[in-house]
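# Coordinate analysis (summary)
Residues per chain are reported as follows:
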Amino acid sequence: MEDIKQLIEKAGNAVKKSKHLVAFTGAGISVESGIPSFRGKDGLWSRYDPKYVEIDYFKKYPEECWPVLFEIFYSQMLKARPNKAHEVLARWENQGLLKAVITQNIDNLHQEAGNQNVIEYHGNSRTLECLKCHSVKTATQAILGEIPPRCHCGGVLKPSFVFFGEEIPHQAAMAAVQEASLCDVMLVIGTTGSVMPANMIPVYASRAGAFIIEINPEPGEFTYNIVDLFLPLKAGEALTSIENYINQSAG
Ligand code: APR
């Protein structure tokens with residue numbers, strides 16, 4: 001079994017030599033920013049019923065759903081800040097090394113870290129949309145008032161992220177497939193890979209010949225199927241170690 005230092009060096013060499021590096025991220029990359037993941041030990045779905053994020057249930061019972069949505073997605077998130085892992089990816093995009101981030105996360109932390117090309121496969125929690133007139137408000141303005149937050153037209157506001165039973169935003173879906181087919185190295189960071197159709201993106205990349213590097217303290221759906229290099233580490237530690245290796249071996 002190669003030791004961690006050798007794995008970091010292997011990952012560093014692949015990232016450094018990549019022509020089209022893409023990162024595919026999940027809830028695990030934001031755990032070190034204080035946002036709990038959905039699955040695994042005390043994950044959100046072990047504490048809350050996912051029905052509150054199911055579109056038909058929400059439309060029927062917004063008054064019941066909104067206090068739970070607030071607790072799950074807004075109480076922590078509005079305080080959360082990007083962590084070291086987000087910051088490395090932002091520096092790599094800035095240096096022209098990282099071409100895109102495809103994220104399942106709705107916490108906006110990649111953008112706050114400075115990444116410009118962020119494909120939000122599940123939308124974003126920062127805005128709310130009226131179910132009646134479809135006008136869009138920023139979450140901070142709307143949710144600091146009544147729960148459930150209402151539009152000036154009286155309609156209930158829904159967070160602009162994808163609920164269970166909703167379509168993936170077409171633009172994001174197409175952009176994600178495009179990046180997966182172009183990339184020669186994909187970093188798969190902090191995801192169980194258990195949710196369709198997001199979990200097909202790394203599969204497409206692998207089928208297109210990309211070298212798949214997974215960063216996760218635990219193995220998941222991808223690890224023994226499409227992953228070429230598994231780094232059993234937390235995102236912050238792995239990405240900083242890879243970045244340090246690349247910077248020291250540069251020149
Ligand atoms: N660094 C890296 N990975 C971590 C860390 C960490 N510090 N802490 C936990 N993880 C890993 C866990 O081992 C797990 O594999 O992050 C993963 C989180 O998995 P999930 O909670 O299933 O999150 P994700 O895969 O993003 O879920 C996908 O499910 O509920 C839906 O829409 C929601 O986008 C979400 C989708």
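In what follows, the accompanying structure is described. Keep in mind it's a predicted model, so treat the numbers as computed, not measured.

## A short note on the site of the ligand
As a matter of local geometry, the ligand sits amid 22 residues, with F38, R39, T191, T192 and N216 nearest to it. Take T191: an N or O atom from its side chain is 2.6 Å from an oxygen atom of the ligand. Contact between the ligand and N216: an oxygen atom at 2.7 Å from a side-chain N or O atom of the residue. Surface burial for the ligand is 91%, taken as the share of its 740 Å² of free accessible area covered by protein chains. Per-class residue counts for the shell around the ligand are eight nonpolar, 10 polar and four charged. Taken domain by domain, the makeup of the shell around the ligand includes at least three residues from each of domain 1 (1–34 + 82–122 + 168–251) and domain 2 (36–75 + 126–161).

## Comments concerning the pattern of salt bridges
Tallied over the entire structure, the rule returns seven salt bridges. For E64, the salt bridge is made with K51, and the minimal N-O distance between the two is 4.0 Å. Of this pair, E64 sits in helix α4 (residues 62–74) while K51 sits in the loop between α2 (44–47) and α3 (55–60); the two residues are 13 residues apart in sequence, bridging distant segments of the chain. On the basis of relative accessible area, K51 is assigned to the partly exposed category, the value being 29%. With its nearest N and O atoms 3.5 Å apart, the salt bridge here joins E112 to R81.

About the thresholds
Starting afresh in each chain, residues are numbered from 1 along the sequence in its written order. In keeping with the predicted nature of the model, local features appear solely for residues at pLDDT of at least 70, side-chain atom pairs appear and are counted solely at 80 or more, and the whole-chain, interface and lining totals rest on all residues. The side-chain figures draw on all heavy atoms in the structure; neither hydrogens nor water molecules are used. Residues are labelled near a given molecule or strand when at least one of their non-hydrogen atoms is within 4 Å of it. Whenever a nitrogen or oxygen atom comes within 3.5 Å of another N or O atom, the pair is scored as a polar contact, on the condition that within protein one atom can donate a hydrogen and the other can accept it, and that pairs from neighbouring residues in sequence are kept only if both atoms are in side chains. To measure how exposed things are, a 1.4 Å probe is used in the Shrake-Rupley method; for residues, cover is taken only from the protein chains shown. Ten residues, namely Ala, Val, Leu, Ile, Met, Phe, Trp, Tyr, Cys and Pro, are considered nonpolar, four, namely Asp, Glu, Lys and Arg, are considered charged, and the remaining ones, Gly among them, are considered polar. Per the annotation, domain bounds derive from an automatic or database assignment of domains. Within this document, salt bridges are pairs made up of a side-chain nitrogen of Lys or Arg and a carboxyl oxygen of Asp or Glu, the two lying within 4 Å of each other. Helix and strand assignments come from DSSP, with helices taken as H or I runs of at least 4 residues and strands as E runs of at least 2, each series counted from the N terminus. Burial classification: accessible surface area is computed with a 1.4 Å probe over protein chains only, and a residue below 20% of its type maximum counts as buried, one above 50% as exposed, and the rest as partly exposed.

As far as function goes, none of this settles anything; it's purely spatial.
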